[in-house]
Amino acid sequence: MLGSESGKKAAAIAALEFVEDDTVIGVGTGSTVNLFIEALAAQRRRLRGAVSSSNATSKRLAAAGIEVLDLNSTGTLEVYVDGADETDAHRRLVKGGGGALTREKIVAAASRKFVCIVDESKLVDVLGKFPLPVEVIPMARSYVARQLVALGGQPVWREQFVTDNGNHVLDVHGLRIIDPPALEAQIESIVGVVAAGLFARRSADAVLIGTAAGVKRL
């Protein structure tokens, strides 16, 4: 099996073909995305700029000489490149291990194409082995947790962590997500939930998976 780092790098490099010069792109958060930013910098792509999904990514983009732009001023983005904690064969994702799920979901929604880059360990038959992150308004944390228990989950507060939006994260264990779009809608209808880390209603348009046999595309 290809090492996860090698798989991540292969997928990150493969994503470059979706990036056109003189465009504004969306850039996600995480270790695989960091490799994508390195690859962008090495190719010296002439981008007009990038919209970032986190403060950490903004710093990396700036260090790479890529201007970070406000989504409010850019309009629709051509492509959004991000990683995932899990993907199924239908390109539906679990995201938010790094805590940037809400901004990631916003940038994905504002992009014409969403390209997800992962190593082969992230491909699963059924979503839910990785705990599902849910961003919540702090005062609603306990209330939301009770509602998640009623849905069959076991929420755990990610203590000592605050999102870039100033909110808390509940990581929901014990879910076997058979109908991702329905569960996404159900969780996001709970008052106090900012976003669930399910990307199913707006799934990825392409998933690039770094494998021992090269990069597999879904």
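This is a predicted model, so every value here is computed, not measured.

Parameters at a glance
Per chain, the residues get numbers from 1 upward, laid out in the order the sequence is written. For a predicted model such as this one, the threshold for reporting local features is a pLDDT of at least 70, and the threshold for listing and counting side-chain atom pairs is 80 or more; totals across whole chains, interfaces and linings nevertheless cover every residue. Here the side-chain values reflect all heavy atoms present in the structure, with hydrogen atoms and water set aside. Any carboxyl oxygen of Asp or Glu that lies within 4 Å of a side-chain nitrogen of Lys or Arg is treated as forming a salt bridge with it. Think of it this way: any DSSP run of H or I at least four residues long counts as a helix, any run of E at least two long counts as a strand, and we number them from the N terminus. Note on exposure labels: buried denotes an accessible area under 20% of the residue type's maximum, exposed denotes more than 50%, and partly exposed covers the range between, all computed with a 1.4 Å probe on protein chains only. A strand pair is defined by DSSP finding two or more bridges across the two strands. Put simply, buried Ala, Val, Leu, Ile, Met, Phe, Trp, Tyr and Cys residues joined by side-chain atoms within 4.5 Å make one nonpolar core. The contact criterion used throughout is that any non-hydrogen atoms of two residues lie within 4.5 Å. Comment: arc refers to directions from the helix axis out to C-beta atoms. Side-chain rings of Phe, Tyr and Trp, where Trp is taken by its six-membered ring, are said to pair if the distance between their centres is within 6.5 Å; with planes under 30 degrees apart they count as stacked, over 60 as edge-to-face, and otherwise as tilted. Whether a charge lies above a ring is judged from NZ of Lys or CZ of Arg, which has to be within 6 Å of the ring centre and within 35 degrees of the ring normal. Like charges are joined within 9 Å and nonpolar side chains (Val, Leu, Ile, Met, Phe, Trp, Tyr) within 5 Å, but only among residues with over 30% relative accessible area and no salt bridge; these make up the patches. Exposure was quantified through the Shrake-Rupley algorithm and a 1.4 Å probe, taking into account, for residues, occlusion by the shown protein chains and nothing else. Axis geometry follows a simple rule: fit a line to the C-alpha atoms, using only the stretch in contact for helices, then measure angles between N-to-C directions, giving values from 0 to 180 degrees.

Visitor: Would you mind showing me how to read the pattern of salt bridges here?
Guide: One side chain can pair with another of opposite charge once the charged atoms of both are near each other. Per the stated rule, a full pass over the model turns up 13 salt bridges. Across the pair Asp22 and Arg48 runs a salt bridge, and its minimum N-O distance is 3.7 Å. With Asp22 in the loop between helix H1 (4-14) and strand S1 (24-27) and Arg48 in the loop between helix H2 (31-43) and strand S2 (49-52), the pair connects residues that are 26 residues apart, well separated along the chain. According to the relative accessible area criterion, Asp22 is exposed, its value standing at 52%.

Visitor: How should the sheet that holds strand S5 (residues 93-94) be read in this particular structure?
Guide: Hydrogen bonds along the backbone pair up the strands of a sheet, which may run parallel or antiparallel. Strand order in this open sheet of three strands is S4-S5-S11, and the pairing throughout is antiparallel. Looking at the sheet topology across the chains shown, the edges are occupied by strand S4 (86-87) and strand S11 (198-199). Looking at chain direction, S4 and S5 are connected through two bridges and run antiparallel. Its bridge partner being in S5, Thr87 is matched across the sheet by Leu93.

Visitor: Mind showing me how you'd approach the nonpolar core here?
Guide: With 25 residues, the main nonpolar core has Ile25, Val27, Phe36, Leu40, Val115, Ile117 and Leu208 as its most contacted residues. Residue assignment for this core shows that the elements contributing at least two residues are H1, S1, H2, strand S3 (77-82), strand S6 (111-119) and strand S12 (206-211). At six residues, the largest contribution of residues to this core is made by H2. Contact partners of Leu208, with chain neighbours within four places excluded, come to Ala11, Ala14, Ala15, Phe18, Val115, Cys116, Ile117, Val118, Val215, Lys216 and Arg217. In terms of nonpolar packing, the next biggest core, distinct from the first, is built from 20 residues, Val144, Leu148, Val172 and Leu175 among them.

Visitor: How should I be thinking about helix H7 (residues 180-188) in this particular structure?
Guide: Helical geometry: 3.6 residues make up each α-helical turn, so side chains three or four residues apart lie on a common side. Where H7 is concerned, the buried positions are Pro180, Leu183, Glu184 and Ile187. The arc that holds the buried residues of H7, viewed along the axis, is 105 degrees, so those residues lie on one side. In this structure, the buried side of H7 is in contact with helix H5 (101-109), strand S7 (132-136), helix H6 (141-150), strand S10 (193-196) and S11.

Visitor: Is there a simple way to think about unusual backbone geometry in this case?
Guide: Across the chain, the bulk of peptide bonds are trans and the bulk of non-glycine residues have phi less than zero. We note that Arg91 has phi near 70 degrees; this positive angle belongs to a residue other than glycine. Looking at where Arg91 falls in the secondary structure, it is placed in the loop between S4 and S5. For Arg91, a relative accessible area of 27% corresponds to the partly exposed category. In the Ramachandran plot, Gln160 falls in the positive-phi region, its phi being about 60 degrees despite a non-glycine side chain. Along the chain, the position of Gln160 falls in the loop between strand S8 (154-157) and strand S9 (168-173).

Visitor: Just checking my understanding: could you explain the packing of aromatic side chains for this structure?
Guide: In this description, a pair of aromatic rings is defined by centroid distance and the angle of the planes. One pass over the structure, following the stated rule, counts two aromatic pairs. Joined through ring pairs, the aromatic side chains of Tyr80, Phe114 and Phe199 make up one cluster. Directly above the aromatic system of Phe199 lies the positively charged group of Lys95, at a separation of 5.4 Å from the ring centroid. Sitting over the face of the ring of Phe199, Lys105 holds its NZ or CZ atom 5.1 Å from the ring centroid.

Visitor: What should I look at first to understand a nonpolar patch on the surface in this one?
Guide: A contiguous nonpolar surface patch, about 310 Å² in accessible area, is contributed by Ile137, Met139 and Val194. Of note, Val194 is situated in strand S10. Residue class for Val194 comes out partly exposed when judged on its relative accessible area of 32%.

Visitor: Just to check I follow, could you spell out the sheet that holds S3 for this structure?
Guide: Spatially, the six strands line up as an open sheet ordered S2-S1-S3-S6-S12-S13, and their pairing is mixed. For this open sheet the edge positions go to S2 and strand S13 (214-217), each flanked by a neighbour on one side alone. Recorded for the sheet is a direction-independent mean angle of 25 degrees between the axes of neighbouring strands. For S1 and S2, the ladder comprises four bridges, and the chain directions are parallel. Looking across to S2, one finds that Val24 is bridged to Gly49. In the packing of helix H3 (residues 55-63) onto the sheet, the strands contacted are S1 and S2, and the crossing angle to S2 comes to about 165 degrees. Taken strand by strand, H5 contacts S1, S2, S3 and S6, and its axis lies near 145 degrees from that of S3.

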